[in-house]
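Fold and contact review
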Amino acid sequence: MSKKRPIIIDTDPGIDDAVAIAIALFSEELDVKLFTTVAGNVNLEKVTGNMLKLLKFWDKSIPVAKGANDPLIRPAIDASDIHGSSGMDGYDFEEGDTSIVLSDHAVNAMYKTLMNSEEKITIVPIGPLTNIALLLKVYPEVKAKIAEIVLMGGSTSRGNKGVMSEFNIAVDPEAAKIVFSSGVPIVMAGLDVGWKALVFPEDSAKIKTFNKTGEMIYSLFQKYRSGGLKNGLRMYDSCAIAYLLKPEMYQVVESFVDVELAGSLTAGTTVVDLKGYLKQPANALVCVDINPEMFKDWLLESLKKCQ
Ligand code: BDR
Ligand code: CA
């Protein structure tokens, strides 16, 4: 069997985060070395608590490190309207094991994990980019140890938080700008693919029958407000994991991506220069389209492999 690919997941669970985490943890191809948490969908205490609840649910003891409580500059905004006030409404989880939380801040935990690793590690941010920006600024030497950053965030067109801004980037645009300008290879799986990565009621019904993870996810879906049960629930964060495991489902384009900070109506927009107006070298591989059927089949097959 080929070696597993080492990854670090930076997350703000989050109902769609929980789905992505389930798939990553039970994948035969991925080795999750560390989870780091960041305020986003709800505050840091809640997202960290949710991460611990998920690990307890699966009886896994992968280290967790708490990261940023607030964006770099702007006041925090959350998405409790989408994920519920707990961030993972809909299932009655047992409390997690706080002893697996490292005493190190997420930035230091990522630094140590990267520097102590013989092989390069892929970072998979599925929340706001605050921790990743801090890591790259405080410890620029880690760049040599990062295989790539495969992130869920941004959009080549419209937004889901602002008119033009996607939530993870809108929460902390300054952090996103630091990450996109870091020189580290970046894959951006944003709304262009997230809006087509859908789960319909008949899929949810199947997922429920697979295993206890399926039952849990089915319950969370009853409270998830991204898209709709009938029109399809949006599996945004699984798009980053899907890129790692089945990139052939995507159409990708190399492009220069910058982040709008100053726009009074557009702060947090990812400016994806597909036509090269800005005459800048490409800094990201942008997922511009997805095969929705392939995604759905992959998602269901992946969830079937969970406990
Ligand atoms: C992103 O925002 C969050 O609400 C989701 O978890 C996902 O990471 C989608 O815009
Ligand atoms: Ca998320």
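Further up the page is the structure itself.
Described below are features of the structure shown in this document. This is a predicted model, so every value here is computed, not measured.

What counts as what
Residues numbered from 1 in each chain as written. Chains lettered and ligands numbered in written order. Predicted model: local features only at pLDDT ≥ 70, side-chain atom pairs only at ≥ 80, totals over all residues. Heavy atoms only, no water. Phe/Tyr/Trp six-rings, centres within 6.5 Å; stacked < 30°, edge-to-face > 60°. Buried < 20%, exposed > 50% of the residue type's maximum accessible area, 1.4 Å probe, protein only. Helix = DSSP H or I, 4+ residues; strand = E, 2+ residues; numbered from the N terminus. Donors = N, O, S within 2.8 Å, 3.2 Å for Na, K, Ca; no water. Near = heavy atom within 4 Å. Polar contact = N/O pair within 3.5 Å; in protein donor to acceptor, adjacent residues only side chain to side chain. Areas by Shrake-Rupley, 256 points an atom, 1.4 Å probe, with all protein chains shown as cover. 1 Å grid on protein atoms, 1.4 Å probe; cavity = no way out; pocket = protein on both sides within 12 Å on 5 of 7 lines; lining within 4 Å. Sits in = over half its atoms within 2 Å of the grid points. Core = buried A, V, L, I, M, F, W, Y, C linked by side-chain atoms within 4.5 Å. Contact = heavy atoms within 4.5 Å. Axes fitted to C-alpha atoms, helices over the stretch in contact; angles between N-to-C directions. Left-handed = near helix turned anticlockwise from the far one by under 90°. Nonpolar A, V, L, I, M, F, W, Y, C, P; charged D, E, K, R; others polar. Arc of directions from axis to C-beta. Patch = residues over 30% accessible without salt bridge, like charges linked within 9 Å, V, L, I, M, F, W, Y side chains within 5 Å. Salt bridge = Lys/Arg side-chain N within 4 Å of Asp/Glu carboxyl O. Pairing = 2+ DSSP bridges.

Before going further, it helps to examine the packing of aromatic side chains. The final tally for this structure, using the stated rule, is eight aromatic pairs. Considering the side-chain rings of Tyr243 and Tyr250, the 6.1 Å spacing of their centres and the 40° angle between planes classify their relative orientation as tilted. For the pair shown, Tyr243 and Tyr250 are each scored as buried. Relative to Trp298, the ring of Phe295 has its centre 5.6 Å away and its plane inclined at 45°; by these criteria the two rings are tilted. Pair noted here: Phe295 and Trp298 are both in helix H12 (residues 292-304), with a separation of three residues, about one helical turn. Of the two residues examined, Phe295 and Trp298, each falls in the buried class.

What follows covers the coordination of the calcium ion (ligand 2). In this structure, Asp12 (OD), Asp17 (OD), Asp17 (OD), Ile126 (O) and Asp237 (OD) serve as the protein donors to the calcium ion (ligand 2), at separations of 2.2 to 2.6 Å. Classification of Asp12 as buried rests on a relative accessible area of 0%. For Ile126, a relative accessible area of 1% translates into the label buried.

Here we come to the site of ligand 1. For ligand 1, the full set of nearby residues is Asp16, Asp17, Asn41, His83, Ile126, Met152, Asn160, Glu166, Phe167, Asn168, Tyr236 and Asp237. The separation between an oxygen atom of ligand 1 and a polar side-chain atom of Asn41 is 2.6 Å. Measuring from an oxygen atom of ligand 1, one finds a backbone N or O atom of Ile126 at 3.1 Å. Burial of ligand 1 by the surrounding chains reaches 97%, relative to a free accessible area of 280 Å². Taking a 2 Å distance to the grid points as the criterion, the majority of the atoms of ligand 1 fall inside the largest pocket.

Judged by nonpolar contacts, the single largest core of 62 residues is most densely connected at Phe35, Ile241, Phe295 and Leu299. Counting residues in hydrophobic clusters, the runner-up holds 34 residues, among them Val107, Val179, Val272 and Ala284.

Attention now goes to unusual backbone geometry. With omega at -10°, the peptide bond leading from Pro13 into Gly14 counts as cis. Along the chain, the position of Gly14 falls in the loop between strand S1 (5-11) and helix H1 (15-25). You will see that Asp59, though not glycine, has its phi angle at about 55°, which is positive. Relative to the elements of secondary structure, Asp59 occurs in the loop between helix H2 (44-58) and strand S3 (64-66). Judged by relative accessible area, which is 72%, Asp59 ranks as exposed. The residue Lys279 is not glycine, and still its phi comes out positive at about 55°. Mapped onto the fold, Lys279 is located in the loop between strand S11 (270-273) and strand S12 (284-290).

When you line up the elements, Thr48 lands in helix H2. Residues in contact with Thr48, not counting those within four places in the same chain, are Thr37, Val64 and Lys66.

Direction vectors running N to C along H1 and H12 enclose 65°, while the axes themselves pass 9 Å from each other. Relative to H12, the crossing made by H1 is left-handed. Together, Val19, Ala22 and Ile23 of H1 and Trp298, Leu299, Ser302 and Leu303 of H12 make up the contact between the two elements. Within the contact of H1 with H12, the residues separate by chemical class into six nonpolar, one polar and no charged.

The subject of this paragraph is helix H9 (residues 201-210). Every buried residue of H9 is listed here: Asp203, Ser204 and Ile207. Each buried residue of H9 lies within a common arc of 100° when the element is viewed along its axis, so the set occupies one face. Next to the buried residues of H9 lie strand S7 (198-199), helix H10 (212-221) and H12.

On the surface, a nonpolar cluster with roughly 320 Å² of combined accessible area is contributed by Val271, Tyr277 and Leu278. Counting through the fold element by element, Tyr277 comes out in the loop between S11 and S12.

Now for the sheet that holds S7. The strand order across the open sheet built from three strands is S7-S9-S8, with neighbouring strands paired in antiparallel fashion. The open sheet has two edge strands, S7 and strand S8 (227-228), and neither has a second partner. Pairing of S8 with strand S9 (residues 232-234), which is carried by two bridges, proceeds in the antiparallel orientation. Counterpart to Gly228 in the pairing with S9 is Gly232.

Honestly, it's all geometry; don't read function into it.
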